[in-house]
Amino acid sequence: MKIAKNKVVSVTYELSTKDESGQIVLLEKADPKNPMVFLFGHSGLPEKFEAELDGLDNGSAFQFTLESDEAYGDFEDEAVVRLPLDIFKVEGQFNEKDFPVGTFVPMSDSEGNMMQGRVLEVTDKDIQMDFNHPLAGMDLYFKGTVVEVRDASAEEIAHGHAHGPGGHHHH
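Residues numbered from 1 in each chain as written. Predicted model: local features only at pLDDT ≥ 70, side-chain atom pairs only at ≥ 80, totals over all residues. Heavy atoms only, no water.

Here we come to the pattern of salt bridges. If you walk through the whole model with that rule in mind, you get 11 salt bridges. Note that Asp-86 and Lys-89 form a salt bridge whose closest N and O atoms lie 3.3 Å from each other. Lys-125 is the salt-bridge partner of Asp-124, the closest N and O atoms lying 3.9 Å from each other. You can call Asp-124 exposed: its relative accessible area is 67%. Its relative accessible area of 64% is what places Lys-125 among the exposed residues. (Salt bridge = Lys/Arg side-chain N within 4 Å of Asp/Glu carboxyl O. Buried < 20%, exposed > 50% of the residue type's maximum accessible area, 1.4 Å probe, protein only.)

What follows is the structure, given as structure tokens:
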């Protein structure tokens, strides 16, 4: 069965990028025990990622690069902001140990859109957070294998994501 819209696809992969010195760094890995499972055409993954997999079938190997502008866009300085500690207080208290540097904190903007902010610095007045996607500004190198392609159930199509082990959960 070939990958196409509304198929549930399982892939194993290694995702790498280059650091400032040009060395290849492994960012994440999906192995056969924990493949990435997604509903093709609804994955929320970069379009080019899906385009590269389109039409492959079970057992196909793939290898491709997404330039940063085809992946998660360039790193934007405007997405790094300082937020007053007040908004992080629970019952009037700010608990610094809940905000170690490097942690991702789920936040919502004024329109209620969920976003992840990464803590860069905590002062006695504010928290500096980075709302860029963690992979912003990076060229991404994917190398992997298609493990399984199957028809999606009506429920999966209605919900817009794969169910069951490894399926993408609601963000």
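Don't stop here, the text continues.
Turning our attention to the nonpolar core. Judged by nonpolar contacts, the single largest core of 22 residues is most densely connected at Val-11, Phe-38, Phe-49, Leu-53, Phe-62 and Phe-142. When residues of this core are traced back to their parent elements, those giving at least two are strand 1 (7-18), strand 3 (36-39), helix 1 (47-53), strand 4 (61-66) and strand 9 (140-151). Ala-79, Val-105, Met-107 and Ile-127 belong to the second largest nonpolar core, which has 13 residues in total. (Core = buried A, V, L, I, M, F, W, Y, C linked by side-chain atoms within 4.5 Å. Helix = DSSP H or I, 4+ residues; strand = E, 2+ residues; numbered from the N terminus.)

Moving on, we come to the pairing of strand 9. Working note: regular strand, side chains alternate between the two faces of the sheet. Pairing of strand 1 with strand 9, which is carried by 10 bridges, proceeds in the antiparallel orientation. Across the sheet, Thr-12 pairs through a bridge with Thr-145, a residue of strand 9. (Pairing = 2+ DSSP bridges.)

Before going further, it helps to spend a moment on the packing of aromatic side chains. Within this structure, the stated rule accounts for nine aromatic pairs. Between Phe-49 and Phe-64, the aromatic rings sit 5.6 Å apart at their centres with planes inclined by 70°, giving edge-to-face as the arrangement. Here Phe-64 lies in strand 4 and Phe-49 lies in helix 1, a separation of 15 residues in the sequence. Taken individually, Phe-49 and Phe-64 each receive the classification buried, so the pair is uniform in this respect. Relative to Phe-99, the ring of Phe-94 lies with its centre 5.3 Å away and its plane at 15°, an arrangement referred to as stacked. Residue class for Phe-99 comes out buried when judged on its relative accessible area of 10%. Among the aromatic side chains, those forming a connected cluster through ring pairs are Tyr-13, Phe-38, Phe-40, Phe-49, Phe-62, Phe-64 and Phe-142. (Phe/Tyr/Trp six-rings, centres within 6.5 Å; stacked < 30°, edge-to-face > 60°.)

Turning our eyes to something else, we now look at unusual backbone geometry. You will see that Asn-6, though not glycine, has its phi angle at about 70°, which is positive. Note on placement: Asn-6 falls in the segment before strand 1. Despite not being glycine, Glu-91 shows a phi value in the positive range, around 50°. By secondary structure assignment, the location of Glu-91 is in the loop between strand 5 (80-84) and strand 6 (104-108).

Here we take up the environment of Lys-48. Relative to the helices and strands, Lys-48 resides in helix 1. Considered as a pair, Lys-48 and Ile-87 are 39 residues apart in the sequence and their alpha carbons are 37 Å apart. If sequence neighbours within four positions are ignored, Lys-48 has contacts with Thr-65, Leu-66 and Glu-70. At a separation of 3.3 Å, a polar atom in the side chain of Lys-48 contacts the side chain of Glu-70. (Contact = heavy atoms within 4.5 Å. Polar contact = N/O pair within 3.5 Å; in protein donor to acceptor, adjacent residues only side chain to side chain.)

From the geometry alone we can't say anything about function, so treat these as descriptive.
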